[in-house]
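Coordinate inspection notes
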Amino acid sequence: MDGPLVDKDQYPRADIDLVAVRTSRQQLIRNTNDMRKIMCKIETALFQLHQSARSQNANLTATVQSPVQPPTRPPFLRVHGVLPGSPAATSGLKDDDQICQLGSLHKDNFTGLGDVAEVVRLSVNKAVALKLLRDGTPKTIALKPCSWSGRGVLGCNVVEL
């Protein structure tokens, strides 16, 4: 569609229908311009839709008296033996904390401690969300598995419940 319509001597090429090619090119340009106009209208409408949704959310959150806590998944692991100076200790993990969710891992998709090792291995030097119960109170902390002076990348043991 974008090749030359003339030969090396600047004469119209005899092997193509010039009128059909020019008509097709013009139609393509018109369609592209029409699409750009429509996309601009869609973008404006989406912006207005999200703007009104944001303002409605702001009004809704202003009227809510107390924050609603999301339900906590049941625990499936218990923390045992947090070593001082370890990444687990630095993040605030304590002995007997009950883990409800470690990244994307929770009771429903947990099959064994190998799953925990896989999540930790994939999260080395990256913070992973850890939802836990401490003395019956739900908490969320950011755990960042990394190398430290001790063994492993966490510095604690976990056992199945």
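Residues numbered from 1 in each chain as written. Predicted model: local features only at pLDDT ≥ 70, side-chain atom pairs only at ≥ 80, totals over all residues. Heavy atoms only, no water.

**As for unusual backbone geometry**
We note that Q10 has phi near 70°; this positive angle belongs to a residue other than glycine. Along the chain, Q10 falls in the segment before α1 (18-63). Despite not being glycine, D135 shows a phi value in the positive range, around 55°. Looking at where D135 falls in the secondary structure, it is placed in the loop between β4 (128-134) and β5 (137-143). (Helix = DSSP H or I, 4+ residues; strand = E, 2+ residues; numbered from the N terminus.)

**So, the confidence of the model for the chain**
Summary statistics for the chain give a mean pLDDT of 83 and a share of 90% for residues scoring 70 or more. By mean pLDDT, α1 is the weakest element of the chain at 82, and strand β1 (residues 77-80) is the strongest at 90. Low pLDDT, under 50, characterises residues 62-66; the predicted model gives this stretch zero contacts beyond four residues in sequence or across chains. (pLDDT = per-residue confidence, 0-100. Contact = heavy atoms within 4.5 Å.)

**Side note on the environment of Q51**
You can see Q51 is positioned in helix α1. Measuring from C-alpha to C-alpha, the distance between Q51 and K139 comes to 33 Å, with 88 residues separating the pair along the chain.

**Looking at empty space enclosed by the protein**
Inspection of the entire model under this criterion finds one cavity of 30 Å³ or more. If you trace the largest cavity, you find it lined by L93, I99, L102, V116, L130, L143, L154, C156 and V158. Residue composition of the lining of the largest cavity, grouped by class: nine nonpolar, no polar and no charged. (1 Å grid on protein atoms, 1.4 Å probe; cavity = no way out; pocket = protein on both sides within 12 Å on 5 of 7 lines; lining within 4 Å. Points joined across faces, edges and corners; volume = space filled by probe spheres on them. Nonpolar A, V, L, I, M, F, W, Y, C, P; charged D, E, K, R; others polar.)

**Quick notes on a nonpolar patch on the surface**
On the surface, M35, I38, M39, I42, L46 and L49 cluster together to form a nonpolar patch covering roughly 580 Å² of accessible area. Position of I42 relative to the elements: it lies in helix α1. Looking at I42, the relative accessible area reads 40%, which means it is partly exposed. (Patch = residues over 30% accessible without salt bridge, like charges linked within 9 Å, V, L, I, M, F, W, Y side chains within 5 Å. Areas by Shrake-Rupley, 256 points an atom, 1.4 Å probe, with all protein chains shown as cover. Salt bridge = Lys/Arg side-chain N within 4 Å of Asp/Glu carboxyl O. Buried < 20%, exposed > 50% of the residue type's maximum accessible area, 1.4 Å probe, protein only.)

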